[in-house]
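Each chain, letter by letter, is given below.
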Amino acid sequence: MHRFHVRRGRLWCEEVPVARVAEELGTPLYLYSYRTILDHFRKLRGAFAPIHALVCFAVKANSNMAICRALARAGAGFDVVSGGELRKVLQAGADPKRIVYASVGKTAEEIERAVKAEILFFNVESAQELEQIQAVCRRLRRRQRVSLRLNPEVDPHTHSFITTGHRASKFGMDLATVKALLRRSGQFQNLLFVGLHIHIGSQILKAQPFQKAIRRALDLIGWAKGQGIQIRYLNIGGGLGIVYHREIPQTAAEYAGRILPLLKGTGLTVILEPGRFIVGNSGILVTRVLYLKESHGRRFAIVDAGMNDLIRPSLYGAYHEIQPVAQNGAARGGGRGARYDVVGPVCESGDFFAKNRRLPPLKAGDLLAIMGAGAYGFTMASNYNSRPRAAEALVNGGRWHVIRERERYQDLVRNERIPAFLK
Ligand code: LLP
């Protein structure tokens, strides 16, 4: 459920007309609903209340500091994957004891920062990384909790680019490697082996792949116990799917209903790392139609947002619903509309948001909302074609707030230098 709705032909975000924000801040514009974010977070946390669980928001889905602050205040932890994400969530007010840190390529410097911040644990993805964390901790004279990431070899039935738990994936370690490291755990004097981590992919609609992976993790935890190693945390990753088009994803309650029976009574603290589930449907990308044209029988709506603002359609062929922010007379009167390719200004054929999509009749100047853009939208944006990145705003009830200024041209050149020999 999200809080974008059409009232008398106009799109609203909570109690604010989307057009009003777009007129004031310009387009392209990311607009988020605060209450949707909190609702989703609370639904998931509530569903897992019967066991000891911690919901760590996957910051890669949306790293805006205001959104991280909102979630930190609501009691969320955070799943970070870089020194940059760590820095942002700490500045946003995250409790370090609720931060877990994944990534196959943590640098020594990133590790040091996280150890000093006293995060909950690292999700470790290789033996060499474990050696590196040990070396950093010895130098700093610290002890650090770690959690080993198991590749559970489960197919989550989702897009191949966002599948992570199959055999050929770069993520995690195979069972033999994890067992070998657990056997050697005594040699890592500065590390406490307290957790096991799995994450099988993203936009997963059914519980079955999660159940399969969790069973494998529980078997391994049982084996570790036999070796005298007490695993206290099971991190079951993120990956819960949402509705973009016609998907019928499991609800938080359905997911918990299938997973909890496996976890109850184990005494484990369960970590969840949802990103998309919390923010995906909480945000839209608002864009304005610049021009319409027809070419070789195709009708194009050229909008002012591009693949640099939202790359999911280009990169994954992802479907995002598109709806007019204000329905004009023809559409309200029941006009059938037409089929459009909705494309951006970037010089790439892959720069599109929809192809052959039926929409109400459009005209230049119309505002469109690209729905479901709250996760992996702005965080994957770039400056390609030297386009300043969009503004972001957050609606709470009847008020809206700028949470990221639109980039300006001077931001594009800020870090660039002309060397002396070219002056
Ligand atoms: N935990 C780990 C270790 C992850 O790698 C990810 C996502 C998550 C949690 C959060 O997954 P979520 O709950 O959001 O599905 N850019 C792609 C998605 C990439 C996901 C990467 N890892 C997209 O736009 O669909």
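Rules used throughout
Residues numbered from 1 in each chain as written. Predicted model: local features only at pLDDT ≥ 70, side-chain atom pairs only at ≥ 80, totals over all residues. Heavy atoms only, no water. Patch = residues over 30% accessible without salt bridge, like charges linked within 9 Å, V, L, I, M, F, W, Y side chains within 5 Å. Areas by Shrake-Rupley, 256 points an atom, 1.4 Å probe, with all protein chains shown as cover. Salt bridge = Lys/Arg side-chain N within 4 Å of Asp/Glu carboxyl O. Helix = DSSP H or I, 4+ residues; strand = E, 2+ residues; numbered from the N terminus. Domains from an automatic or database assignment. Contact = heavy atoms within 4.5 Å. Buried area = accessible area lost by both parts, 1.4 Å probe. Nonpolar A, V, L, I, M, F, W, Y, C, P; charged D, E, K, R; others polar. Axes fitted to C-alpha atoms, helices over the stretch in contact; angles between N-to-C directions. Parallel < 35°, antiparallel > 145°, perpendicular 65-115°, else oblique. Left-handed = near helix turned anticlockwise from the far one by under 90°. Near = heavy atom within 4 Å. Polar contact = N/O pair within 3.5 Å; in protein donor to acceptor, adjacent residues only side chain to side chain. Pairing = 2+ DSSP bridges.

Comments concerning a nonpolar patch on the surface
Moving on, step 1. A contiguous nonpolar surface patch, about 380 Å² in accessible area, is contributed by I418, F421 and L422.
Moving on, step 2. Residue placement: L422 occurs in the segment after helix 13 (409–413).

Structural notes on the domain arrangement of the protein chain
Moving on, step 1. Under the domain assignment, the protein chain is made up of domain 1 (4–31 + 280–412) and domain 2 (33–275).
Moving on, step 2. Distance between the C-alpha centres of domain 1 and domain 2: 33 Å.
Moving on, step 3. Listed by partner, the interface residues are 26 residues for domain 1 and 23 residues for domain 2.
Moving on, step 4. When the two sides are added together, the surface that domain 1 and domain 2 hide from each other amounts to roughly 2000 Å², 55% of it contributed by carbon and sulfur.
Moving on, step 5. Our enumeration of links across domain 1 and domain 2 arrives at one salt bridge.
Moving on, step 6. R35 is the partner of E14 in a salt bridge, and the nearest nitrogen-oxygen pair spans 3.6 Å.
Moving on, step 7. Elements with a contribution of two residues or more to the side of domain 1 that touches domain 2: helix 11 (312–316), strand 19 (391–396) and strand 20 (399–404).
Moving on, step 8. Here the side of domain 1 that touches domain 2 takes four residues from strand 19, the largest share from any one element.
Moving on, step 9. Of the residues assigned to the side of domain 1 that touches domain 2, the class counts are 11 nonpolar, 10 polar and five charged.

Some details on the packing of helix 2 (residues 34–47) against helix 9 (residues 252–263)
Moving on, step 1. Following both chains from N to C, one finds helix 2 and helix 9 inclined at 25 degrees, their axes separated by 9 Å at the closest point. It follows from the interaxial angle that helix 2 and helix 9 lie roughly parallel. In this structure, helix 2 meets helix 9 at a crossing whose hand is right-handed. Of the residues in helix 9, those touching helix 2 at K43, L44 and A47 are A252, A253, Y255, A256 and L260.

Details of the site of the ligand
Moving on, step 1. The local shell around the ligand holds 19 residues, among which S202, E273, R312, Y316 and Y376 are the closest.
Moving on, step 2. E273 places a polar side-chain atom, nitrogen or oxygen, 2.7 Å from a nitrogen atom of the ligand.
Moving on, step 3. The side chain of Y376 places a nitrogen or oxygen atom 2.6 Å from an oxygen atom of the ligand.
Moving on, step 4. With the chains in place, 92% of the 590 Å² that the ligand exposes on its own is no longer accessible.
Moving on, step 5. Grouping the amino acids of the shell around the ligand by side-chain chemistry returns six nonpolar, seven polar and six charged.
Moving on, step 6. Residue contributions to the shell around the ligand reach at least three from each of two domains, namely domain 1 (4–31 + 280–412) and domain 2 (33–275).

Digging into the sheet that holds strand 2 (residues 10–13)
Moving on, step 1. Taken in spatial order, the three strands make up an open sheet running 1-2-3, and their pairing is antiparallel. The sheet is open, and its two borders are formed by strand 1 (4–7) and strand 3 (16–17), each paired with just one other strand.
Moving on, step 2. Alignment of strand 2 against strand 3, held across two bridges, turns out to be antiparallel. Within strand 3, the position partnered with C13 by the bridge is V16.

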